[in-house]
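Examining the three-dimensional arrangement
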Amino acid sequence: MIGAATVSGRSRVSVGGGGGHVDFATLGRAPLRLGFGSRRVTSRDLQIVEATEELLQEEVPEPEGVAENVSLLRGFNATIPSAEKSRIRRRQTRNVDTPKLGLKRLSLGARGLLGDEEEHDGESVASEDDVVMVGRSERNGRGRKGKGKRKGRQSLSAGKTFGIDELVRQTHEIERDKENIHVRRALISNEIEEISHKIEALDAIRVKLEGDLLRLQEEELELDDELEGVRERIEVEESALQPSRSVSRTGHIAASSRRRKGPAFLPSEHDELPPGIAFMSLESHTTPITALDFSEPYGTLVTASQDDTQPRVWDLLTGEEIGRLRGHRGTVKCIQVEDHICLTGSEDGTVRAWDLRRVDEDEDWESGDMFSLSDVVEEDESVDTSTNGIREESSTSSRPSSAVPRDGPCVRTLEGHTKAVSAMYFEDECLVTGASDKTMRQWDLNTGQCVMTMDILWAISHPPTAAPGTALPAHLVPGAAAAAGTFAVPTPPYADGTWEMYQDFVGALQFWGYALVSGSGDGAVRMWDMRTGQPHRTLLGHTGPVTCLQFDELHIVTGSLDKSIRIWDVRTGSIFETLKYDHAVTALQFDTRKIVAATGENGIKIYNRTSMQHSTLMTNGHTRPVERLRYMDRYMVSGGRDSIVKIWAL
Amino acid sequence: MPTELPYAADAEESLSYDELEVLRLQYQKELAQSHVTVQTKFNYAWGLVKSPLREHQVEGVRLLQEIYRAEPARRRECLYYLALGHYKMGNYEEARRFNALLLDKEPANLQAQSLAGLIDNRVTRDGYIGMAIVGGVAALGTLVLASVIRRASRK
């Protein structure tokens, strides 16, 4: 320090720079700084000074947790190297001088290593503090007698005494060391806790990121579908630009709605609807809904219910019933709508084709049932009894009553099956139907002729790969053992406890080109070649009748009364996945991203195929189990045992 | 519970080079693992602050500031150590501010009070030195002026 000569005259001292920074104190420090002139103001100094301002603003909370228990200083004293000092010292006090034993060389030899180093003689114990050692044991070497026996060899500690002071000091040191250990334990536990929290936080972030990845995958699948849809539209619009193309308009309206992949055309208000909520309910039926289909979102919907021979036609824009399709004599069990053409199959064994544009012409549906009954009676009288024939109803058929216009929407009737038609699928001009007479028929819609009949019963007893003439395979459903007779299997109870007798032998079918896939009451899914009419593969796995089915280029998805949905690989026939539910599955539809299924509960189940998550749609939903459903893009129609049809935004 | 703090005298005794080296190695090992515990950082920082070399003290204060920023629970103790560090370096202004903040929180803390006293003493002493210098400079200045005037009037 530079010696200070106090100036007596000036007693005024400005302390602690109140106003300016230049005051006597700073001036006083200047010589100090000049004295050690080589030191420059480094960036670190500036950094510190700048930081001070900011730090002083920060809040200083009460210390808690570890900070309260173990102050930094204590931690310091517990963990610095010199904390070990006292322990080392004590150990050294217990070192005993013995003549060289050559322990190191011994141990090296025992381990098989060469002991090269010279043992240094007399490595002194370098104890830092004064160690009071009273007496040394020197008897080890002298205890030997001529015989070589070591008699009276004393223990190493025999000759040593420490002295009370030393021992007391050691106790204090040991206690301090124990406290240090306590401190270090607290520190480490705290660290471990902090790290656990960090790991948890990181894990949560990882899970979220994985979820994001799944969502991206889903979006990609959606985009793929959209691309296909747009490409199809390109083809359609191209063909529209070339009037020379003689594609019959009636046959090729657009891709079949079942195979169309891209997003549908929806009114802009549909986007504002909250997803997963039924926003429209159509109540008109009085019995459980048995079939439904619609042409496009906000287009025309046709629904049929039990014990009602007249499916109803609705306008989905308004939610109003436009008309009814009169003609069938039994419950309508399956419906397919493509644009303005509607095909229905019913328990009376016939399939009817309807032109939905002509539903308005049939005006007397409102006027009660009596007319329809009389109409039916009159139809019976003029029935053509050929089994494979077709009947065309035209406006010029001979009818006594001329007050009622006779050309209703029914365009054609296809007769041929002997029992209820329970499943059907048509595309362009080709229709395939499945009925409880255990056959499937292929029809040409232009002529109305049945082109081929495929006998499932024959296929069961002549499985393509098994030895000919064998009995029915044992693993098939017990109800099918009586396959020769009537097929009837009790369904497992729905969520509300009701059950019924399931009698549809052909639960579902779909075809594409020449490939036909059918699901039947024996639990088998069969793949047929429609050119030969023979099944070339049977997929076994379901233990109950198959009720619903859909396939695309990669997968076949089937649902059955055995409460499961199975996803099969189209090329190999192996099972990808089995989804188990609590009740029988009665309807399903899938795309690349999800499977929507009616599984015997009030809510509609949706299975997300990318994230493998299940969810249920229940808001404003059905009050009895859902039985039928169909969706296009983000628009879904469902019908249940409560006789209500609900429309959902997905 | 009152914070346990060392008296300023403790900061004047420095650690041996070996000990500081051990602390530095420990700190850098944990830095390589990118998980530095507060205790290690403090050990190293405190060892640096105790050292007589100014660069060490600067580094020590910087580390203490990092701890201050990162660990709200430790801030109260850090106030004291930061004040000590600045006091050793000669930044009495900052030292006083940190110490004042600590005294705000714990008026009864003995070490903080003693540090406040020490800072005040140093500041007054520097003030005296400053005064001395100013006086000396003034005296020299008058002498020079007087000789110039005398020379001018003599001419």
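The rules behind these values
Residues numbered from 1 in each chain as written. Chains lettered and ligands numbered in written order. Predicted model: local features only at pLDDT ≥ 70, side-chain atom pairs only at ≥ 80, totals over all residues. Heavy atoms only, no water. UniProt positions renumbered as here; feature names shortened; annotations may be inferred. Helix = DSSP H or I, 4+ residues; strand = E, 2+ residues; numbered from the N terminus. Axes fitted to C-alpha atoms, helices over the stretch in contact; angles between N-to-C directions. Parallel < 35°, antiparallel > 145°, perpendicular 65-115°, else oblique. Left-handed = near helix turned anticlockwise from the far one by under 90°. Contact = heavy atoms within 4.5 Å. Nonpolar A, V, L, I, M, F, W, Y, C, P; charged D, E, K, R; others polar. Pairing = 2+ DSSP bridges. Salt bridge = Lys/Arg side-chain N within 4 Å of Asp/Glu carboxyl O. Buried < 20%, exposed > 50% of the residue type's maximum accessible area, 1.4 Å probe, protein only.

- Taking an unreviewed UniProt entry as the reference, chain B is identified by name as Mitochondrial fission 1 protein belonging to Dichomitus squalens.
- Within the UniProt record for chain B, the comment given under Function (unreviewed entry) is "Has a role in mitochondrial fission. Has a role in outer membrane fission but not matrix separation."

- The name an unreviewed UniProt entry assigns to chain A is WD40 repeat-like protein, from the organism Dichomitus squalens.
- Heading Sequence similarities (unreviewed entry) of the UniProt record for chain A holds this comment: "Belongs to the WD repeat MDV1/CAF4 family."
- Looking at chain A in UniProt, the text filed under Subcellular location (unreviewed entry) is "Mitochondrion outer membrane".

1. Some thoughts on the UniProt feature "coiled-coil region" (unreviewed entry) in chain A
- Residues annotated in UniProt with the feature "coiled-coil region" (unreviewed entry) correspond here to residues 199–233 of chain A.
- Counted over residues 199–233 of chain A, helix gives 100% and strand 0%. Its end C-alpha atoms are 51 Å apart.

2. Considering the packing of helix H5 (residues 75–89) of chain B against helix H7 (residues 110–154) of chain B
Residues and elements named next belong to chain B.
- Taken N-terminus to C-terminus, the directions of H5 and H7 make an angle of 20 degrees; their axes are 11 Å apart at the nearest point. Relative to H7, the element H5 lies roughly parallel. In the packing of H5 onto H7, the handedness of the crossing is left-handed. Contacts between H5 and H7 pair Tyr 80, Ala 83, Leu 84 and Tyr 87 from the former with Gln 111, Ala 112, Leu 115, Leu 118, Ile 119 and Arg 122 from the latter.
- Per-class residue counts for the contact of H5 with H7 are 8 nonpolar, 1 polar and 1 charged.

3. A closer look at the sheet that holds strand E25 (residues 587–590) of chain A
Residues and elements named next belong to chain A.
- Across the sheet, 4 strands lie side by side as E25-E26-E27-E28; this open sheet has antiparallel pairing. Pairing within the sheet leaves two strands with one partner each, and these edge strands are E25 and strand E28 (613–617). Neighbour-to-neighbour, the strand axes of this sheet turn through a mean angle of 20 degrees, independent of strand direction.
- Pairing geometry for E25 and strand E26 (residues 594–598), over 4 bridges, is antiparallel. For Ala 587, the partnering residue across the bridge sits in E26 and is Ala 598.

4. Describing the pattern of salt bridges
All names here are of chain A.
- One pass over the full model with this rule turns up 35 salt bridges over all chains.
- Two residues, Asp 308 and Arg 312, come together in a salt bridge whose shortest N-O distance is 3.0 Å.
- Residue class for Asp 308 comes out buried when judged on its relative accessible area of 13%.
- On the accessibility criterion, Arg 312 (6% relative accessible area) is buried.
- Ionic contacts of the salt-bridge type, sharing partners, join the residues Arg 89, Arg 90, Glu 166, Arg 169, Glu 173 and Asp 177 into one network.

5. A look at the UniProt feature "transmembrane region" (unreviewed entry) in chain B
- The residues that UniProt annotates with the feature "transmembrane region" (unreviewed entry) are residues 128–149 of chain B.
- Along residues 128–149 of chain B the backbone is 100% helical and 0% strand, and the end-to-end C-alpha distance reaches 31 Å.

6. Description of the pairing of strand E24 (residues 575–580) of chain A
- Pairing of strand E23 (residues 564–569) of chain A with E24(A) involves 5 bridges; the strand directions are antiparallel. Bridging across to E24(A), Arg566(A) finds its partner in Thr578(A).

7. Looking at the UniProt feature "repeat: WD" (unreviewed entry) in chain A
All names here are of chain A.
- Under the UniProt annotation, the feature "repeat: WD" (unreviewed entry) is placed at residues 282–324, 325–357, 414–453, 516–538, 539–578 and 619–650.
- Across residues 325–357 one finds 0% helix and 58% strand; the C-alpha atoms that close the span lie 12 Å apart.
- A distance of 12 Å separates the end C-alpha atoms of residues 619–650, which is 0% helix and 59% strand.

8. Points about the packing of helix H3 (residues 38–50) of chain B against helix H4 (residues 54–70) of chain B
Residue and element names in this part refer to chain B.
- Close contact between H3 and H4 brings their axes to 7 Å; oriented N to C, the two are set at 150 degrees. Between H3 and H4, the angle falls in the class roughly antiparallel. Remark: the crossing between H3 and H4 carries left-handed chirality. Contact with H3, carried on its side by Val 38, Lys 41, Phe 42, Tyr 44, Ala 45, Leu 48 and Val 49, involves His 56, Gln 57, Glu 59, Gly 60, Val 61, Leu 63, Leu 64, Glu 66 and Ile 67 of H4 and no other residues of that element.

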